[in-house]
Amino acid sequence: MQSVPSITIFHNPNCGTSRNTLALIRNSGDEPEVIEYLKTPPGKPKLQTLIQAMGIPVRALLRKKGTPYDELGLADPKWTDEQLLDFMVEHPILMNRPIVVTPLGTRLCRPSEVVLDILPSPQKGPFTKEDGEVVIDAQGRRVSRTA
């Protein structure tokens with residue numbers, strides 16, 4: 001009998017932050033449901049649910065870099081939340097990522113370590129991000145960054 005994943009990640013495999021977040025989930029021993037949102041966009045009702053669960057404004061989910069944000073003039077305050085959601089549905093690349101849903105909460109995981117706050121299982125071993133930053137030590141403990 002296969003268990004239903006209790007974790008879902010809205011993932012872009014071309015994004016380093018998204019790849020690091022997925023790897024942190026797997027480092028906890030869980031295998032999430034991976035939704036490549038550019039191939040399978042969540043749709044407006046799901047976007048609304050995710051935004052509400054994260055407790056963030058609609059604008060906080062908009063991605064600017066590498067998207068048609070500027071060409072569409074989305075910085076203009078004239079756009080309503082409903083209109084901004086419509087833009088994200090029409091152009092899924094406008095949706096910031098990764099979004100992770102677990103039994104402990106829903107978060108936009110930027111930086112990727114944010115996912116550690118909502119994972120139900122502890123890290124199983126060391127983890128180093130793609131850029132070389134050590135996040136989890138050999139004992140599976142979070143490494144605090146020193147300024």
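Bear in mind the structure is a predicted one, so any value in this text is a computation, not a measurement.

Here we come to the side chain of Arg-97. Inspection of the secondary structure assignment puts Arg-97 in the loop between helix H3 (81–90) and strand E3 (99–102). Notably, Arg-97 is buried but unbridged: the nearest opposite-charge side chain belongs to Glu-130, and the N-O separation is 11 Å. Among the polar contacts listed, one links the side chain of Arg-97 to the side chain of Tyr-37, at a separation of 3.5 Å. The residues contacting Arg-97, other than those within four sequence positions of it, are Phe-10, Asn-12, Cys-15, Ser-18, Tyr-37, Arg-63, Leu-108 and Arg-110.

The next point concerns the environment of Pro-111. With respect to the helices, strands and loops of the structure, Pro-111 is situated in the loop between strand E4 (105–108) and strand E5 (127–128). Using a relative accessible area of 40% as the deciding quantity, one classes Pro-111 as partly exposed. Along the chain, Pro-111 and Leu-94 lie 17 residues apart, while their C-alpha atoms are 18 Å from each other. The contacts of Pro-111, once residues within four sequence positions are left out, are Thr-17 and Lys-129.

Strands sit in the order E2-E1-E3-E4 across an open sheet of four strands; the sheet is mixed. Looking at the sheet topology across the chains shown, the edges are occupied by strand E2 (33–36) and E4. Taking each pair of neighbouring strands and ignoring which way they run, the sheet shows an average axis angle of 15°. Pairing between E3 and E4: four bridges, direction antiparallel.

In terms of nonpolar packing, the biggest core is built from 21 residues, with Leu-61, Leu-74, Met-88, Met-95 and Ile-99 touching the most fellow members. Put simply, the parts of the chain that give this core at least two residues each are helix H2 (43–54) and H3. If near-sequence neighbours (up to four positions away) are discounted, Met-88 is found in contact with Leu-47, Val-58, Leu-61, Leu-62, Leu-94 and Met-95. Listed in part, the 15 residues of the second largest apolar core include Val-100, Leu-119, Val-135 and Ile-136.

As a further point, take the side chain of Asn-12. By secondary structure assignment, the location of Asn-12 is in the loop between strand E1 (8–11) and helix H1 (16–27). Of note is the side chain of Asn-12, whose polar atom sits 2.9 Å from the backbone nitrogen of Asn-14. Not counting chain neighbours up to four residues away, the residues in contact with Asn-12 comprise Ser-18, Tyr-37, Leu-38, Ile-93 and Arg-97.

Going through the model one piece at a time under the given rule, you end up with nine salt bridges. Two residues, Asp-86 and Lys-44, come together in a salt bridge whose shortest N-O distance is 2.9 Å. Of this pair, Asp-86 sits in helix H3 while Lys-44 sits in helix H2; the two residues are 42 residues apart in sequence, bridging distant segments of the chain. According to the relative accessible area criterion, Asp-86 is partly exposed, its value standing at 37%. Residue classification places Lys-44 among the partly exposed residues on the basis of a relative accessible area of 21%. One network of salt bridges, in which partners are shared, links Lys-44, Glu-82 and Asp-86.

What counts, and at which threshold
Residues numbered from 1 in each chain as written. Predicted model: local features only at pLDDT ≥ 70, side-chain atom pairs only at ≥ 80, totals over all residues. Heavy atoms only, no water. Helix = DSSP H or I, 4+ residues; strand = E, 2+ residues; numbered from the N terminus. Buried < 20%, exposed > 50% of the residue type's maximum accessible area, 1.4 Å probe, protein only. Lys, Arg positive; Asp, Glu negative; His and termini not counted. Salt bridge = Lys/Arg side-chain N within 4 Å of Asp/Glu carboxyl O. Polar contact = N/O pair within 3.5 Å; in protein donor to acceptor, adjacent residues only side chain to side chain. Contact = heavy atoms within 4.5 Å. Pairing = 2+ DSSP bridges. Axes fitted to C-alpha atoms, helices over the stretch in contact; angles between N-to-C directions. Core = buried A, V, L, I, M, F, W, Y, C linked by side-chain atoms within 4.5 Å.

Scope: geometric values only; no functional claims are made or implied.
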